[in-house]
Amino acid sequence: MHVLVLGSGQLARMMSLAGAPLNLDISAFDVNTQNVVHPLTQAVLGHGLEQAIAGADVITAEFEHIPHDVLAVCERSGKFLPSTDAIKAGGDRRLEKALLDNAGVRNAKYAVITNRAEFDAAIDDVGIPMVLKTALGGYDGKGQWRLKTPQDSDAIWADMAQALAASEHQAIVAEEFVPFDREVSLVGARGKDGEIAVYPLAENVHVNGVLSLSTAIDAPELQEQAKQMFTAVAESLNYVGVLALEFFDVQGTLLVNEIAPRVHNSGHWTQQGAETCQFENHLRAVCGLPLGSTKLVRETAMINILGEDTLPEALLAMEGCHIHWYGKDKRPGRKMGHINVTADYSGELQRKLCQLAAVLDPKAFPAVQAVAQQIKH
Ligand code: ATP
Ligand code: MG
(Lines give C-alpha, C1' and ligand atoms only; values in the text may rest on other atoms or scores of the structure.)
(Ligands and ions follow the chains in the order given, each with its own letter.)
Protein backbone atom coordinates (compact mmCIF):
# COMPACT_ATOMS: atom_id res chain seq x y z
CA MET A 1 0.00 0.00 0.00
CA HIS A 2 1.16 3.51 -0.77
CA VAL A 3 0.54 6.24 1.82
CA LEU A 4 1.00 9.93 1.01
CA VAL A 5 1.70 12.12 4.04
CA LEU A 6 0.97 15.86 3.83
CA GLY A 7 4.09 17.37 5.37
CA SER A 8 7.67 16.15 5.03
CA GLY A 9 9.14 16.59 8.50
CA GLN A 10 10.23 14.17 11.19
CA LEU A 11 6.76 12.71 11.74
CA ALA A 12 6.53 11.59 8.10
CA ARG A 13 10.08 10.27 8.44
CA MET A 14 9.18 8.17 11.48
CA MET A 15 5.99 6.91 9.78
CA SER A 16 8.16 5.78 6.89
CA LEU A 17 10.47 3.87 9.23
CA ALA A 18 7.54 2.26 11.03
CA GLY A 19 5.69 1.37 7.83
CA ALA A 20 8.53 -0.51 6.13
CA PRO A 21 8.11 -3.84 7.99
CA LEU A 22 4.44 -3.91 6.96
CA ASN A 23 5.34 -3.20 3.32
CA LEU A 24 3.69 0.19 3.61
CA ASP A 25 5.39 2.59 1.28
CA ILE A 26 5.37 6.21 2.45
CA SER A 27 6.00 9.36 0.45
CA ALA A 28 5.70 12.92 1.71
CA PHE A 29 4.17 16.02 0.15
CA ASP A 30 5.95 19.26 0.97
CA VAL A 31 3.12 21.81 0.96
CA ASN A 32 5.55 24.72 0.43
CA THR A 33 7.41 23.43 -2.64
CA GLN A 34 4.54 21.16 -3.85
CA ASN A 35 7.18 18.44 -4.27
CA VAL A 36 6.62 14.80 -3.44
CA VAL A 37 9.71 13.73 -1.51
CA HIS A 38 11.16 10.61 0.05
CA PRO A 39 10.53 11.03 3.80
CA LEU A 40 14.02 9.76 4.74
CA THR A 41 16.28 11.26 2.08
CA GLN A 42 14.11 14.23 1.03
CA ALA A 43 14.94 13.22 -2.58
CA VAL A 44 12.34 14.70 -4.94
CA LEU A 45 10.10 11.95 -6.36
CA GLY A 46 7.61 14.10 -8.23
CA HIS A 47 5.88 17.44 -8.40
CA GLY A 48 2.31 18.57 -7.87
CA LEU A 49 -0.56 17.47 -5.67
CA GLU A 50 -2.70 15.87 -8.39
CA GLN A 51 0.08 13.47 -9.37
CA ALA A 52 0.81 12.69 -5.71
CA ILE A 53 -2.85 11.90 -5.02
CA ALA A 54 -3.14 9.70 -8.10
CA GLY A 55 -0.26 7.53 -6.87
CA ALA A 56 -1.57 7.12 -3.32
CA ASP A 57 -3.94 4.54 -1.84
CA VAL A 58 -4.33 6.57 1.35
CA ILE A 59 -3.55 10.20 2.22
CA THR A 60 -2.89 11.45 5.73
CA ALA A 61 -1.14 14.38 7.44
CA GLU A 62 1.71 15.01 9.84
CA PHE A 63 0.67 18.56 10.78
CA GLU A 64 -2.46 20.65 11.06
CA HIS A 65 -1.43 23.93 9.44
CA ILE A 66 -2.25 22.75 5.93
CA PRO A 67 -3.62 25.21 3.35
CA HIS A 68 -7.36 24.67 3.03
CA ASP A 69 -7.24 24.35 -0.76
CA VAL A 70 -4.80 21.43 -0.40
CA LEU A 71 -7.10 19.81 2.15
CA ALA A 72 -10.13 20.26 -0.10
CA VAL A 73 -8.42 18.52 -3.05
CA CYS A 74 -7.33 15.64 -0.80
CA GLU A 75 -10.81 15.28 0.69
CA ARG A 76 -12.37 15.15 -2.79
CA SER A 77 -10.13 12.20 -3.69
CA GLY A 78 -11.94 10.15 -1.03
CA LYS A 79 -8.54 8.88 0.23
CA PHE A 80 -7.90 11.36 3.05
CA LEU A 81 -7.90 10.31 6.72
CA PRO A 82 -8.56 11.37 9.49
CA SER A 83 -10.76 14.15 7.91
CA THR A 84 -10.49 17.80 6.97
CA ASP A 85 -12.69 18.71 9.97
CA ALA A 86 -10.23 17.07 12.35
CA ILE A 87 -7.22 18.77 10.75
CA LYS A 88 -8.97 22.15 10.74
CA ALA A 89 -9.94 21.79 14.41
CA GLY A 90 -6.30 21.07 15.24
CA GLY A 91 -5.18 24.19 13.37
CA ASP A 92 -7.77 26.71 14.57
CA ARG A 93 -8.27 27.21 18.30
CA ARG A 94 -11.83 28.52 17.75
CA LEU A 95 -12.88 25.28 16.05
CA GLU A 96 -10.94 23.25 18.62
CA LYS A 97 -12.76 24.90 21.53
CA ALA A 98 -16.14 24.42 19.82
CA LEU A 99 -15.30 20.76 19.20
CA LEU A 100 -14.39 20.20 22.86
CA ASP A 101 -17.56 21.96 24.04
CA ASN A 102 -19.75 19.96 21.65
CA ALA A 103 -18.12 16.70 22.74
CA GLY A 104 -18.83 17.66 26.38
CA VAL A 105 -15.14 17.62 27.27
CA ARG A 106 -13.79 19.83 30.10
CA ASN A 107 -11.54 22.65 28.94
CA ALA A 108 -10.41 26.07 30.18
CA LYS A 109 -12.97 28.90 30.14
CA TYR A 110 -12.41 31.14 27.12
CA ALA A 111 -13.58 33.94 24.86
CA VAL A 112 -12.81 34.73 21.21
CA ILE A 113 -11.39 38.22 20.58
CA THR A 114 -11.16 40.17 17.34
CA ASN A 115 -11.19 43.76 18.67
CA ARG A 116 -10.37 45.84 21.73
CA ALA A 117 -13.95 45.87 23.06
CA GLU A 118 -14.01 42.06 23.02
CA PHE A 119 -10.62 42.02 24.77
CA ASP A 120 -11.97 44.26 27.54
CA ALA A 121 -15.08 42.09 27.85
CA ALA A 122 -12.88 38.97 28.08
CA ILE A 123 -10.83 40.56 30.87
CA ASP A 124 -14.11 40.86 32.83
CA ASP A 125 -15.58 37.46 31.88
CA VAL A 126 -12.56 35.17 31.72
CA GLY A 127 -10.56 37.07 34.32
CA ILE A 128 -6.89 37.76 35.03
CA PRO A 129 -4.41 36.02 34.89
CA MET A 130 -5.21 35.07 31.34
CA VAL A 131 -3.43 33.28 28.49
CA LEU A 132 -4.00 34.73 25.01
CA LYS A 133 -3.33 32.61 21.95
CA THR A 134 -3.63 33.30 18.24
CA ALA A 135 -6.42 31.13 16.80
CA LEU A 136 -4.35 30.27 13.72
CA GLY A 137 -0.71 29.32 13.29
CA GLY A 138 0.37 28.73 16.93
CA TYR A 139 2.78 25.97 17.89
CA ASP A 140 5.51 25.40 20.48
CA GLY A 141 4.14 28.27 22.58
CA LYS A 142 4.47 30.78 19.71
CA GLY A 143 1.73 33.39 19.22
CA GLN A 144 0.90 33.54 22.94
CA TRP A 145 0.72 36.24 25.59
CA ARG A 146 0.23 36.13 29.34
CA LEU A 147 -1.87 38.93 30.87
CA LYS A 148 -0.98 39.02 34.56
CA THR A 149 -2.16 42.51 35.58
CA PRO A 150 -4.66 44.98 34.04
CA GLN A 151 -1.77 47.47 33.62
CA ASP A 152 -0.24 45.25 30.93
CA SER A 153 -3.39 45.14 28.80
CA ASP A 154 -2.47 48.11 26.54
CA ALA A 155 0.97 46.74 25.68
CA ILE A 156 -0.41 43.25 25.01
CA TRP A 157 -3.26 44.67 22.95
CA ALA A 158 -0.75 46.55 20.74
CA ASP A 159 0.99 43.25 20.03
CA MET A 160 -2.21 41.31 19.47
CA ALA A 161 -3.62 44.03 17.19
CA GLN A 162 -0.58 43.50 14.96
CA ALA A 163 -1.17 39.75 14.85
CA LEU A 164 -4.86 40.37 14.01
CA ALA A 165 -3.99 42.86 11.27
CA ALA A 166 -1.69 40.34 9.58
CA SER A 167 -4.63 38.19 8.42
CA GLU A 168 -8.36 38.82 8.13
CA HIS A 169 -8.95 35.22 9.26
CA GLN A 170 -6.96 35.63 12.47
CA ALA A 171 -8.52 35.89 15.96
CA ILE A 172 -7.28 35.56 19.53
CA VAL A 173 -8.57 33.01 22.00
CA ALA A 174 -8.42 34.33 25.57
CA GLU A 175 -8.23 31.52 28.12
CA GLU A 176 -8.34 31.49 31.87
CA PHE A 177 -4.92 30.72 33.33
CA VAL A 178 -5.14 27.15 34.64
CA PRO A 179 -3.12 26.59 37.85
CA PHE A 180 -2.15 23.04 36.88
CA ASP A 181 -0.04 20.65 38.93
CA ARG A 182 1.37 19.03 35.82
CA GLU A 183 0.73 18.45 32.14
CA VAL A 184 -0.09 15.04 30.72
CA SER A 185 -1.13 13.81 27.31
CA LEU A 186 -2.93 10.83 25.88
CA VAL A 187 -2.03 9.42 22.49
CA GLY A 188 -4.33 6.82 21.01
CA ALA A 189 -5.63 5.39 17.79
CA ARG A 190 -9.09 4.80 16.38
CA GLY A 191 -9.50 2.31 13.57
CA LYS A 192 -11.89 2.36 10.62
CA ASP A 193 -14.14 -0.06 12.51
CA GLY A 194 -14.33 2.33 15.49
CA GLU A 195 -11.94 0.30 17.67
CA ILE A 196 -10.01 2.50 20.09
CA ALA A 197 -6.60 1.73 21.61
CA VAL A 198 -4.86 4.28 23.83
CA TYR A 199 -1.33 4.34 25.21
CA PRO A 200 -0.53 4.99 28.85
CA LEU A 201 -0.55 8.71 29.69
CA ALA A 202 2.68 10.64 29.36
CA GLU A 203 3.72 13.35 31.81
CA ASN A 204 5.18 16.30 29.91
CA VAL A 205 7.62 19.00 30.93
CA HIS A 206 7.71 22.09 28.71
CA VAL A 207 10.49 24.67 28.78
CA ASN A 208 9.65 28.05 27.23
CA GLY A 209 6.52 26.54 25.66
CA VAL A 210 8.43 23.67 23.99
CA LEU A 211 8.15 20.03 25.03
CA SER A 212 11.40 18.92 26.62
CA LEU A 213 10.71 15.69 28.52
CA SER A 214 7.88 13.12 28.29
CA THR A 215 7.58 10.12 30.59
CA ALA A 216 5.04 7.31 30.33
CA ILE A 217 3.19 7.09 33.66
CA ASP A 218 0.96 4.65 35.46
CA ALA A 219 -1.99 6.68 36.79
CA PRO A 220 -5.15 4.54 36.58
CA GLU A 221 -7.68 7.21 37.65
CA LEU A 222 -6.33 9.87 35.31
CA GLN A 223 -6.00 7.28 32.56
CA GLU A 224 -9.72 6.50 32.83
CA GLN A 225 -10.70 10.19 32.67
CA ALA A 226 -8.36 10.75 29.73
CA LYS A 227 -9.66 7.73 27.85
CA GLN A 228 -13.26 8.90 28.24
CA MET A 229 -12.41 12.33 26.86
CA PHE A 230 -10.35 10.79 24.06
CA THR A 231 -13.29 8.58 23.10
CA ALA A 232 -15.72 11.52 23.16
CA VAL A 233 -13.50 13.63 20.89
CA ALA A 234 -12.54 10.78 18.52
CA GLU A 235 -16.15 9.63 18.14
CA SER A 236 -17.50 13.13 17.59
CA LEU A 237 -15.07 13.48 14.66
CA ASN A 238 -15.57 9.89 13.46
CA TYR A 239 -11.80 9.95 13.65
CA VAL A 240 -9.50 7.42 11.99
CA GLY A 241 -5.80 7.43 12.89
CA VAL A 242 -3.69 8.51 15.83
CA LEU A 243 -4.97 11.46 17.84
CA ALA A 244 -3.34 13.18 20.81
CA LEU A 245 -5.00 15.09 23.65
CA GLU A 246 -2.95 17.41 25.88
CA PHE A 247 -4.31 17.92 29.39
CA PHE A 248 -3.78 20.02 32.47
CA ASP A 249 -3.92 17.96 35.66
CA VAL A 250 -5.53 20.15 38.32
CA GLN A 251 -5.56 18.20 41.58
CA GLY A 252 -6.51 14.96 39.86
CA THR A 253 -9.06 16.47 37.46
CA LEU A 254 -8.09 16.68 33.80
CA LEU A 255 -8.95 19.59 31.50
CA VAL A 256 -8.11 19.36 27.81
CA ASN A 257 -5.60 22.02 26.74
CA GLU A 258 -5.47 21.13 23.08
CA ILE A 259 -5.80 18.33 20.55
CA ALA A 260 -3.41 17.23 17.82
CA PRO A 261 -5.03 15.30 14.95
CA ARG A 262 -1.85 13.32 14.25
CA VAL A 263 1.04 11.46 15.78
CA HIS A 264 2.49 13.59 18.57
CA ASN A 265 5.85 14.46 20.09
CA SER A 266 4.67 13.20 23.50
CA GLY A 267 4.09 9.78 21.89
CA HIS A 268 7.65 9.28 20.60
CA TRP A 269 8.45 7.19 23.68
CA THR A 270 6.22 4.43 22.20
CA GLN A 271 9.02 3.59 19.71
CA GLN A 272 10.86 1.80 22.52
CA GLY A 273 8.31 1.67 25.31
CA ALA A 274 5.17 0.18 23.74
CA GLU A 275 4.32 -3.04 21.96
CA THR A 276 3.41 -1.07 18.80
CA CYS A 277 4.63 2.49 18.28
CA GLN A 278 2.30 5.41 17.50
CA PHE A 279 3.64 5.71 13.92
CA GLU A 280 2.82 2.10 13.09
CA ASN A 281 -0.59 2.39 14.71
CA HIS A 282 -1.41 5.52 12.74
CA LEU A 283 -0.56 3.71 9.51
CA ARG A 284 -2.48 0.61 10.57
CA ALA A 285 -5.55 2.75 11.31
CA VAL A 286 -5.58 4.76 8.07
CA CYS A 287 -4.82 1.65 5.99
CA GLY A 288 -7.76 -0.20 7.55
CA LEU A 289 -5.54 -2.79 9.29
CA PRO A 290 -6.15 -4.07 12.83
CA LEU A 291 -4.59 -1.82 15.50
CA GLY A 292 -1.51 -3.07 17.34
CA SER A 293 -1.28 -3.45 21.10
CA THR A 294 -0.59 -0.17 22.92
CA LYS A 295 0.69 -1.98 26.00
CA LEU A 296 3.68 -0.55 27.84
CA VAL A 297 6.58 -2.98 27.59
CA ARG A 298 9.24 -0.91 29.43
CA GLU A 299 9.37 2.18 31.58
CA THR A 300 10.30 4.90 29.09
CA ALA A 301 11.08 8.60 28.96
CA MET A 302 11.68 10.76 25.89
CA ILE A 303 13.99 13.76 25.83
CA ASN A 304 13.79 16.23 22.94
CA ILE A 305 17.08 17.30 21.35
CA LEU A 306 16.62 21.02 20.68
CA GLY A 307 19.09 22.99 18.56
CA GLU A 308 21.92 20.41 18.88
CA ASP A 309 23.31 18.14 16.19
CA THR A 310 25.83 16.13 18.17
CA LEU A 311 25.67 14.23 21.43
CA PRO A 312 28.37 12.55 23.50
CA GLU A 313 29.09 9.10 22.02
CA ALA A 314 28.99 7.68 25.54
CA LEU A 315 25.19 7.89 25.35
CA LEU A 316 25.09 5.06 22.84
CA ALA A 317 26.97 2.86 25.27
CA MET A 318 24.31 3.36 27.92
CA GLU A 319 21.90 0.45 28.20
CA GLY A 320 18.35 1.47 27.23
CA CYS A 321 19.44 4.70 25.54
CA HIS A 322 18.19 5.18 21.96
CA ILE A 323 18.92 8.21 19.81
CA HIS A 324 16.60 9.22 16.97
CA TRP A 325 17.96 11.98 14.70
CA TYR A 326 15.68 13.69 12.18
CA GLY A 327 18.38 14.56 9.61
CA LYS A 328 17.68 18.30 9.85
CA ASP A 329 20.04 21.27 9.56
CA LYS A 330 20.95 22.78 12.91
CA ARG A 331 19.05 25.90 14.02
CA PRO A 332 18.72 27.36 17.53
CA GLY A 333 15.88 25.67 19.40
CA ARG A 334 14.89 23.45 16.45
CA LYS A 335 13.64 19.93 17.17
CA MET A 336 16.64 17.96 15.83
CA GLY A 337 15.88 14.56 17.31
CA HIS A 338 15.01 12.81 20.54
CA ILE A 339 16.42 10.33 23.00
CA ASN A 340 14.30 7.47 24.30
CA VAL A 341 15.56 6.01 27.52
CA THR A 342 14.11 2.76 28.85
CA ALA A 343 14.36 0.74 32.05
CA ASP A 344 12.82 -2.33 33.64
CA TYR A 345 11.34 -0.42 36.57
CA SER A 346 10.73 3.20 37.45
CA GLY A 347 13.58 3.59 39.97
CA GLU A 348 16.00 2.42 37.31
CA LEU A 349 14.57 4.92 34.82
CA GLN A 350 15.13 7.70 37.35
CA ARG A 351 18.71 6.55 37.86
CA LYS A 352 19.29 6.62 34.10
CA LEU A 353 17.82 10.14 33.83
CA CYS A 354 20.32 11.24 36.50
CA GLN A 355 23.10 9.55 34.55
CA LEU A 356 22.01 11.37 31.39
CA ALA A 357 21.80 14.69 33.24
CA ALA A 358 25.46 14.27 34.15
CA VAL A 359 26.57 14.02 30.50
CA LEU A 360 24.09 16.30 28.71
CA ASP A 361 24.69 20.05 28.39
CA PRO A 362 22.49 21.69 31.07
CA LYS A 363 21.71 24.65 28.80
CA ALA A 364 20.42 22.42 26.01
CA PHE A 365 18.55 19.94 28.24
CA PRO A 366 17.14 21.98 31.14
CA ALA A 367 14.20 19.66 31.93
CA VAL A 368 16.45 16.61 32.42
CA GLN A 369 18.62 18.60 34.80
CA ALA A 370 15.59 19.78 36.76
CA VAL A 371 14.13 16.27 37.01
CA ALA A 372 17.52 14.86 38.06
CA GLN A 373 17.71 17.49 40.81
CA GLN A 374 14.23 16.53 42.05
CA ILE A 375 15.10 12.83 42.02
CA LYS A 376 18.28 13.43 44.05
CA HIS A 377 16.34 15.31 46.76
P1 ATP B 1 2.15 22.82 21.05
O2 ATP B 1 3.58 22.86 20.66
O3 ATP B 1 1.86 21.84 22.13
O4 ATP B 1 1.22 22.72 19.92
P5 ATP B 1 1.07 25.41 21.44
O6 ATP B 1 1.94 26.51 21.00
O7 ATP B 1 -0.01 25.01 20.54
O8 ATP B 1 1.94 24.19 21.81
P9 ATP B 1 -0.34 25.29 24.01
O10 ATP B 1 -0.12 23.84 24.19
O11 ATP B 1 -1.72 25.76 23.98
O12 ATP B 1 0.42 25.90 22.76
O13 ATP B 1 0.45 26.08 25.15
C14 ATP B 1 1.85 25.89 25.39
C15 ATP B 1 2.07 25.74 26.89
O16 ATP B 1 1.65 26.93 27.58
C17 ATP B 1 1.25 24.63 27.51
O18 ATP B 1 1.90 23.38 27.36
C19 ATP B 1 1.19 25.11 28.96
O20 ATP B 1 2.40 24.85 29.64
C21 ATP B 1 1.04 26.61 28.81
N22 ATP B 1 -0.39 27.00 28.80
C23 ATP B 1 -1.19 27.03 27.70
N24 ATP B 1 -2.44 27.40 28.01
C25 ATP B 1 -2.46 27.61 29.34
C26 ATP B 1 -3.48 28.01 30.28
N27 ATP B 1 -4.73 28.29 29.90
N28 ATP B 1 -3.12 28.09 31.59
C29 ATP B 1 -1.85 27.85 31.99
N30 ATP B 1 -0.85 27.48 31.15
C31 ATP B 1 -1.14 27.36 29.84
MG1 MG C 1 0.52 22.27 23.37
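Residues numbered from 1 in each chain as written. Chains lettered and ligands numbered in written order. Predicted model: local features only at pLDDT ≥ 70, side-chain atom pairs only at ≥ 80, totals over all residues. Heavy atoms only, no water.

Asker: Help me understand the site of ligand 1, please; the structure alone is not making it clear to me.
Answerer: Around ligand 1 there are 20 residues in total, and Lys133, Asp140, Gly141, Glu175 and Glu183 lie nearest to it. One nitrogen or oxygen atom from the side chain of Gln144 is found 2.9 Å from an oxygen atom belonging to ligand 1. The separation between an oxygen atom of ligand 1 and a polar side-chain atom of Glu258 is 2.8 Å. Compared with its free state, where it exposes 610 Å², ligand 1 has 92% of that area covered by protein. Of all the secondary structure elements, the ones that give two or more residues to the shell around ligand 1 are β7 (130–134), β8 (144–147), β9 (172–176), β14 (241–250) and β15 (253–260). Across the shell around ligand 1, the residue classes tally to 6 nonpolar, 4 polar and 10 charged. Looking at which domains feed residues into the shell around ligand 1, each of domain 2 (109–176) and domain 3 (182–376) supplies at least three. (Near = heavy atom within 4 Å. Polar contact = N/O pair within 3.5 Å; in protein donor to acceptor, adjacent residues only side chain to side chain. Areas by Shrake-Rupley, 256 points an atom, 1.4 Å probe, with all protein chains shown as cover. Helix = DSSP H or I, 4+ residues; strand = E, 2+ residues; numbered from the N terminus. Nonpolar A, V, L, I, M, F, W, Y, C, P; charged D, E, K, R; others polar. Domains from an automatic or database assignment.)

Asker: Just checking my understanding: could you explain the sheet that holds β9 for this structure?
Answerer: By way of backbone hydrogen bonds, the strands of a sheet pair with one another, either parallel or antiparallel. In space, the 4 strands of this open sheet follow the order β6-β9-β7-β8, with antiparallel pairing throughout. In the strand order of this sheet, the two ends are held by β6 (110–113) and β8, each with one partner. Ignoring strand direction, the axes of neighbouring strands in this sheet form an average angle of 20 degrees. Sheet topology places β7 next to β9; 5 bridges connect them, and they run antiparallel. Looking across to β9, one finds that Lys133 is bridged to Val173. Relative to β8, helix α7 (residues 153–166) is tilted by about 160 degrees, and along the sheet it contacts β6, β7, β8 and β9. (Pairing = 2+ DSSP bridges. Axes fitted to C-alpha atoms, helices over the stretch in contact; angles between N-to-C directions. Contact = heavy atoms within 4.5 Å.)

Asker: Which parts of the structure should I look at to understand the pattern of salt bridges?
Answerer: Using the criterion set out here, one finds 12 salt bridges in the structure. Note that Arg93 is salt-bridged to Glu258, the shortest N-O span being 3.1 Å. One end of the pair, Arg93, is in helix α5 (residues 93–102); the other, Glu258, is in strand β15, and 165 residues separate them in sequence. Here Glu258 falls in the partly exposed class, since its relative accessible area comes to 22%. The salt bridge partner of Arg116 is Asp120, with a shortest N-O separation of 3.3 Å. (Salt bridge = Lys/Arg side-chain N within 4 Å of Asp/Glu carboxyl O. Buried < 20%, exposed > 50% of the residue type's maximum accessible area, 1.4 Å probe, protein only.)

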